[in-house]
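# Reading the structure
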Amino acid sequence: QVQLVESGGGLVQAGGSLRLSCAASGRTFSSYSMGWFRQAPGKEREFVAAINWSGGITNYVTSVKGRFTISRDNAKYTVALQMNSLKPEDTAVYYCAANPNGRSWSTLTSEYDYWGQGTQVTVSS
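Structure report, in brief. (Residues numbered from 1 in each chain as written. Predicted model: local features only at pLDDT ≥ 70, side-chain atom pairs only at ≥ 80, totals over all residues. Heavy atoms only, no water.)

### So, the overall build of the protein
- The secondary structure content of the protein amounts to zero helices and eleven strands.
- The order of helices and strands in the protein, counted from the N terminus, is β-β-β-β-β-β-β-β-β-β-β.
- For the protein, the spread of C-alpha atoms along the three principal axes comes to 40 × 25 × 25 Å.
- Restricting to contacts in the protein with at least 6 residues of sequence separation, those with at least 24 account for 60%.
- In the structure as shown, the protein presents an accessible area of about 6300 Å², 48% of it carried by carbon and sulfur atoms. (Helix = DSSP H or I, 4+ residues; strand = E, 2+ residues; numbered from the N terminus. Contact = heavy atoms within 4.5 Å. Areas by Shrake-Rupley, 256 points an atom, 1.4 Å probe, with all protein chains shown as cover.)

This is how it looks when you write it as structure tokens:
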């Protein structure tokens with residue numbers, strides 16, 4: 001069982017930056033791969049970024065490549081999403097998720113067993 005709590009969302013102007021953090025409970029955190037997803041009003045939840053158990057492999061949706069960076073600290077049971085050069089289209093609720101397959105960097109919501117409550121990111125133009 002893993003419990004996830006996101007923080008760091010807020011309101012920012014276009015071109016600005018935010019850093020999201022996800023704190024995990026459970027001693028098995030390092031065995032999970034982790035992902036960030038987002039959901040805008042009226043849209044389906046979409047993949048943003050993923051990282052394998054060691055942090056050595058990452059995966060990003062094309063629209064955020066070069067702007068967002070996912071990282072993890074297994075000693076602190078945290079995963080972060082650094083978001084730079086934010087655009088209004090990045091506005092969404094962002095969710096942290098845990099995948100029991102630590103070697104994965106999946107884009108599929110169905111492969112993630114545990115989810116946080118979400119944090120709102122709003123980018124104004």
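Now that the structure has been shown, we can carry on.
### Digging into the packing of aromatic side chains
- Taken as a whole and judged by the stated rule, the model has six aromatic pairs.
- When the centroid spacing of 5.0 Å and the interplanar angle of 80 degrees are considered together, the rings of Phe 37 and Tyr 112 count as edge-to-face. In this pair, Phe 37 is assigned in strand S4 (residues 33-39) and Tyr 112 in the loop between strand S9 (92-99) and strand S10 (114-115), connecting sequence segments 75 residues apart. Here the two residues Phe 37 and Tyr 112 agree in accessibility, since each one is buried.
- Following the ring pairs from residue to residue traces out a cluster consisting of Phe 37, Phe 47, Tyr 112 and Trp 115.
- Arg 45 extends its terminal NZ or CZ atom over the ring of Tyr 95, reaching a point 3.7 Å from the ring centre.
- The ring centre of Phe 29 lies 4.6 Å from the NZ or CZ of Arg 72, which sits over that ring. (Phe/Tyr/Trp six-rings, centres within 6.5 Å; stacked < 30°, edge-to-face > 60°. Buried < 20%, exposed > 50% of the residue type's maximum accessible area, 1.4 Å probe, protein only. Lys NZ or Arg CZ within 6 Å of the ring centre and 35° of its normal.)

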